[in-house]
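What follows is each chain in one-letter form.
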Amino acid sequence: MSVVERAELAAAVRDLLREHCTEADVRRVMRTDEGFDRDLWNKLAAQGVAGLIIDPDYGGVGLGAQELEAVAEATGAALLPAPFLSSAVFATALIQAAGSDDDKARLLPGLADGSSIGTVAATGPRGTWAPDGVAVQAVQQDAEYRLTGSAHYVLDGQIADVVIVVAKPEEGIALFEVPVDAPGFDRTAATVFDPTVRLSTYAFRQTPARRIGSGGWAAVEHALSLTVIALAGEQVGGTRRLFDITVEYLKTRIQFGRPIGSFQSIKHMAADLLLEVESATSAAQYAAAQFDADPAGADGPVALAGFACADAYHTTAMQSIQMHGGIGFTWEHPAHLFLRRARSGRQLFGSSRDHRERYLASKGA
């Protein structure tokens, strides 16, 4: 897809979200039990967002990381409360990377058209998003497997009807599908700082499961890289949107007879934030381009995007509240919604410290 076509795709998603995912919509949806608007998700699925990276043979659009990142910038700017990262990215990428042809034919069409919502239970209470953090054990009993243990920080875990679990059988890491009504399977909604990002804790007690393909941690790592790229795109979109809101305020807020944006100290703060926005944008888009060119060799750029975009988002959110003055400290101001999303994203799929360590490891340091 050309740069122009990619921009048009992102613009189409942005236009839909401007109409159906306003700040008022976000505040309304985040107070509901499900935490997302199914009607809006169906509209996004009709645009191809739910099946963006799914192969056309299974009802998807078949696009790459660069298109995914561009669309994620639009969803991040709108603070979209929907299973985009969990279902349209992580679950679909993992099934495509590790699933058999039968698994893909059975699971991917529903994820592509939005009729199913997927999630991945991949890490334990430590939240390391690494093999040593997997806390679910798998034991084979005749023709089936039984899972025991717990998974934490499961994104959109309460609304998912396609549940993929990363577990440890005797031979290492493997992937399993667990029916939502399976015996011994309990899911509990976690208390979250950001009500637009819902997390769950899964518990398994001798829960029957079906093995997915023959892939192991390499497939999980592949899917995680795509998910980190999408998260980085969302963080870029949120960072830029909040910067634009702040600059508009600086132009219109009058103090001492002049716009506060004309004060030298405020100009310096705005210039620093612009640098954060542009640096994060470059990091996310470079990671996506490198992943499309060579997924196996993109560890460094993906890790760089993982910490650079998260930190830029958080810095911009904190500074934006300061620059808005008293009104910025009120819950009614949208800056707080962006701050909560920025803080939740700093830990999701790896902390900034984790990504820095992976970046250094990719450089042989």
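Small disclaimer: the values here were computed from a predicted structure and weren't measured.

Side note on empty space enclosed by the protein
And step 1. Scanning the entire structure with this criterion turns up 3 cavities of 30 Å³ or more.
And step 2. In this structure, the largest cavity spans a volume of roughly 190 Å³.
And step 3. If you go around the largest cavity, you meet 18 residues; those closest to its centre are Leu85, Val197, Glu234, Arg341 and Leu348.
And step 4. Mapped by element, the contributors of at least two residues to the lining of the largest cavity are α5 (84–98), α7 (217–252) and α10 (335–345).
And step 5. By residue class, the composition of the lining of the largest cavity is 9 nonpolar, 5 polar and 4 charged.

Quick notes on the packing of helix α1 (residues 3–20) against helix α4 (residues 65–77)
And step 1. Direction vectors running N to C along α1 and α4 enclose 25°, while the axes themselves pass 9 Å from each other. When the interaxial angle is binned, α1 and α4 end up roughly parallel. The element α1 and its partner α4 pack so that their crossing is right-handed. Contacts between α1 and α4 involve Arg6, Leu9, Ala10, Val13, Arg14 and Leu17 from the first element and Gln66, Glu67, Ala70, Val71, Ala74 and Thr75 from the second.

Quick word on the layout of surface pockets
And step 1. Taken as a whole, the largest pocket spans an internal volume of roughly 700 Å³.
And step 2. Forming the boundary of the largest pocket are 30 residues, of which Arg14, Glu73, Ala74, Ala77 and Gly237 lie nearest the centre.
And step 3. For the lining of the largest pocket, the secondary-structure elements that each account for two or more residues are α1, α2 (23–29), α4, α7, α8 (264–293) and α10.
And step 4. No other element matches the 7 residues that α1 contributes to the lining of the largest pocket.
And step 5. Considering only residue class, the lining of the largest pocket consists of 17 nonpolar, 4 polar and 9 charged.
And step 6. By volume, the second largest pocket is sized at about 340 Å³.
And step 7. Around the second largest pocket, the lining comprises 22 residues; the ones closest to its centre are Tyr153, Leu199, Ser344, Gln347 and Leu348.
And step 8. Looking at the lining of the second largest pocket, the elements with two or more residues in it are β3 (144–155), β7 (199–211) and α10.
And step 9. If you tally residues by element for the lining of the second largest pocket, the top one is β7, at 3 residues.
And step 10. Across the lining of the second largest pocket, the residue classes tally to 9 nonpolar, 9 polar and 4 charged.

Section: helix α9 (residues 299–324)
And step 1. Taking 1.5 Å per residue, 26 residues should reach 38 Å; α9 reaches 38 Å between its end C-alpha atoms and fits that length.
And step 2. Summarising burial for α9: 19 of the 26 residues are buried, a large majority.
And step 3. Phi turns positive, to about 70°, at Gly325, one or two residues after α9.

Structural notes on the UniProt feature "domain: Acyl-CoA dehydrogenase/oxidase N-terminal" (unreviewed entry) in the chain
And step 1. Taken from the UniProt record, the annotation "domain: Acyl-CoA dehydrogenase/oxidase N-terminal" (unreviewed entry) applies to residues 6–114.
And step 2. For residues 6–114, the end-to-end C-alpha separation is 22 Å, with 67% helix and 0% strand making up the annotated structure.

Side note on the nonpolar core
And step 1. The biggest cluster of nonpolar side chains holds 92 residues, and the ones touching the most others in it are Trp41, Leu44, Phe84, Ile164, Val166 and Phe349.
And step 2. Looking at this core element by element, the count peaks at 14 residues for α7.
And step 3. What Val166 contacts, discounting residues up to four positions off in sequence, is Val120, Ala121, Ala122, Val134, Val136, Ile173, Ala174, Leu175, Trp217 and Val220.
And step 4. Grouped together as the second largest cluster of nonpolar side chains are 19 residues, Val136, Val163, Val165 and Phe176 included.

Observations regarding the packing of α9 against α10
And step 1. For the pair α9 and α10, interaxial distance at closest approach is 9 Å and the crossing angle is 155°. What the angle tells us is that α9 and α10 run roughly antiparallel. As α9 runs across α10, the sense of the crossing is left-handed. The segment α9 lies against α10, with Tyr313, His314, Ala317, Met318, Ser320 and Ile321 engaging Ala335, His336, Phe338, Leu339, Arg341, Ala342 and Arg343.
And step 2. When the residues that make up the contact of α9 with α10 are grouped by side-chain class, the tally is 8 nonpolar, 3 polar and 2 charged.

With respect to the pattern of salt bridges
And step 1. What the rule picks out here adds up to 21 salt bridges.
And step 2. Beyond isolated ion pairs, a larger network of salt bridges with shared partners links Asp102, Asp103, Arg106, Glu177 and Arg210.

Thresholds applied
- Residues numbered from 1 in each chain as written.
- Predicted model: local features only at pLDDT ≥ 70, side-chain atom pairs only at ≥ 80, totals over all residues.
- Heavy atoms only, no water.
- 1 Å grid on protein atoms, 1.4 Å probe; cavity = no way out; pocket = protein on both sides within 12 Å on 5 of 7 lines; lining within 4 Å.
- Points joined across faces, edges and corners; volume = space filled by probe spheres on them.
- Helix = DSSP H or I, 4+ residues; strand = E, 2+ residues; numbered from the N terminus.
- Nonpolar A, V, L, I, M, F, W, Y, C, P; charged D, E, K, R; others polar.
- Axes fitted to C-alpha atoms, helices over the stretch in contact; angles between N-to-C directions.
- Parallel < 35°, antiparallel > 145°, perpendicular 65-115°, else oblique.
- Left-handed = near helix turned anticlockwise from the far one by under 90°.
- Contact = heavy atoms within 4.5 Å.
- Expected span 1.5 Å × (residues − 1).
- Buried < 20%, exposed > 50% of the residue type's maximum accessible area, 1.4 Å probe, protein only.
- UniProt positions renumbered as here; feature names shortened; annotations may be inferred.
- Core = buried A, V, L, I, M, F, W, Y, C linked by side-chain atoms within 4.5 Å.
- Salt bridge = Lys/Arg side-chain N within 4 Å of Asp/Glu carboxyl O.

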